[in-house]
Amino acid sequence: MYHIGIDLGGTNIAAGILKESDVAPLLFAQARPADDSQPLVRGDSCLLYKDSIPTHPARSAEEIIADAASLARTVAHRAGVDFRDVTSIGFVSPGTVNPLTGIVVFAGNVPFTNFDVKSHLRRHTGIEKITVDNDANAAAYAEAVVGAGHGVRDFLLITIGTGIGGAYVSAGDVQRGFNFAGGEFGHTVIVVGGEKCTCGRLGCAEAYCSVNALIRMTLDEMARADAAGERTLLKDIAEKTSGVNGKTAFDAMREGDKVAERVVSRYIYYLATALTNYINIFQPEILAIGGGISKEGEYLLSPLRRIIYSEMFNHRQSPDKYTKIVTASLGGDAGVIGAALLAVKEWSHKK
Ligand SMILES: [Zn+2]
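What counts, and where the lines are drawn
Residues numbered from 1 in each chain as written. Predicted model: local features only at pLDDT ≥ 70, side-chain atom pairs only at ≥ 80, totals over all residues. Pairing = 2+ DSSP bridges. Helix = DSSP H or I, 4+ residues; strand = E, 2+ residues; numbered from the N terminus. Axes fitted to C-alpha atoms, helices over the stretch in contact; angles between N-to-C directions. Core = buried A, V, L, I, M, F, W, Y, C linked by C-beta atoms within 7 Å. Buried ≥ 20, exposed ≤ 12 C-beta atoms within 10 Å, placed from the backbone. Domains from an automatic or database assignment. Contact = placed C-beta atoms within 7 Å.

Caption draft 1: Geometry of the sheet that holds strand β5 (residues 96–98). Strands sit in the order β5-β6-β7 across an open sheet of three strands; the sheet is antiparallel. Single-partner strands in this sheet number two, and they are β5 and β7 (113–116). Mean inter-strand twist for the sheet, computed between neighbouring axes without regard to direction, equals 20 degrees. Across three bridges, β5 lies against strand β6 (residues 103–106) in antiparallel orientation. When the sheet's bridge partners are listed, Asn98 is paired in β6 with Ile103.

Caption draft 2: Spatial organisation of the pairing of β6. Hairpin connection, β5 to β6: the antiparallel pair is bridged by four residues, and Gly102 has positive phi, about 80 degrees. The pairing of β6 with β7 spans three bridges and is antiparallel. Bridged to Phe106 within β7 is Thr113. Where β6 hands over to β7, the hairpin turn is made up of six residues, of which Gly108 adopts a positive phi near 65 degrees.

Caption draft 3: Local environment of the nonpolar core. Membership of the largest hydrophobic core comes to 108 residues, with the highest contact counts inside it found for Ile4, Ile6, Phe91, Tyr141, Ala142, Leu275 and Ile337. Take this core: its biggest share by element is twelve residues, from helix α9 (residues 258–282). Both of domain 1 (2–147 + 331–347) and domain 2 (154–327) provide at least three residues apiece to this core. Contacts of Ala142, omitting those with residues within four sequence positions, involve Gly147, Leu330, Ala334, Ile337, Gly338 and Leu341.

Caption draft 4: Layout of unusual backbone geometry. At Ser242, a position not held by glycine, the phi torsion is positive, near 45 degrees. Residue placement: Ser242 occurs in the loop between α7 (234–240) and α8 (248–254). Even without glycine at this site, Gln283 takes up a positive phi of about 45 degrees. With respect to the element layout, Gln283 can be found in the loop between α9 and β12 (286–290).

Given below as C-alpha cells:
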C-alpha cells in the first residue's frame, strides 16, 4: 500500500510517495524505541520519489487542484507504483484548513477560499481516502514521526521563514484547537506596541523573529552604522548576494564584524523570548527549529539555549528535564512527508 503527500505553496506544488510498511512501525509506535539502531526507514529516505511543479497562483483553485492530481499520478508512475495501489492522498496548504470536512477555509496567497479540496481531489484522482490539513501541522507531524522529534511524546516544531510557522504534537496528535485555527505561534506578542505584523497586531513574534524581520534589522543597523561612520562588512557581503538576506548578518558576524554581531544577538534575543514563552506553556521534550535559518546550526542554537535555559520558568530543574533545542531534520520535504503520514494515520484503520 502506498500513500501520496501533496504540499501546496505559493510558489510550488510538491508531491511525494511513500510505502506504508516503511513508516507504519514508526507512526504507530507510542513508546520510545528501546533500541535506536532499529532498521526502520526515517526522514528523507521514506519518500520513494518526489517532484514539484509551479503553482501559478493567479489561476483558479480548480485548475491548481487538477494539476496537483496529475502531479500525484506522475510521482506514482516515476516511483514504479501502479496508481491503483495508492491507498490515500494527503493534501496540505497554508492557512486555515478544516480536516474534518476537507475544506480549505482561507489560504493567504493561494486562491483557496472555502474550497472543498477533498471532493475535487476525489473527482480528479478517483481516490476516496483524502486527508486535508494545514502545511505547518503536516511539517510538525512529519518531524514528530520520522524526524527530529521521533520517539518523544511532546514535540514542538517552529519554522522560521518569511513568517513564523509551527505546531505542537502531543501523544501522536497535532493540537489544532476546537476550530482548527490554533498553533499560530508567530502571532503572539513579544513587544507590546511594537512593529506592525502582517496580521494587523503590533509586536508579534513574526514581526521580530521571521527572516523578513532579520533582514529589516540588518538594513536598519547598516543605515545606522553608515550614519555614524562605523565600519562594517555587511554592505560588501550583501553586494555579493545581490541584496541583504537572512544569512548576511550571520556571515558578517563570522568574519568578526561588530555591527553584524549586534544584529544577530538582538535577533536571537527576540527569538529566545518567543521560544521561552512556548516552552513555558508546553514544556515539549524536544523543540526543533526549521526553515532556512536552521542551517546556521550552533551559531543560532547555542546562544538560544544560553538565554532560554536561564530565563525559562523551570530553569531550576535538573538539566535532563530541560527541553532539548535542536534543528529540524527533514528540510523542505517535511510538508510532503507529513501530508502523506497524516493520510496514513487517518485512513489505515478505516475501511
Ligand atoms: Zn501577527
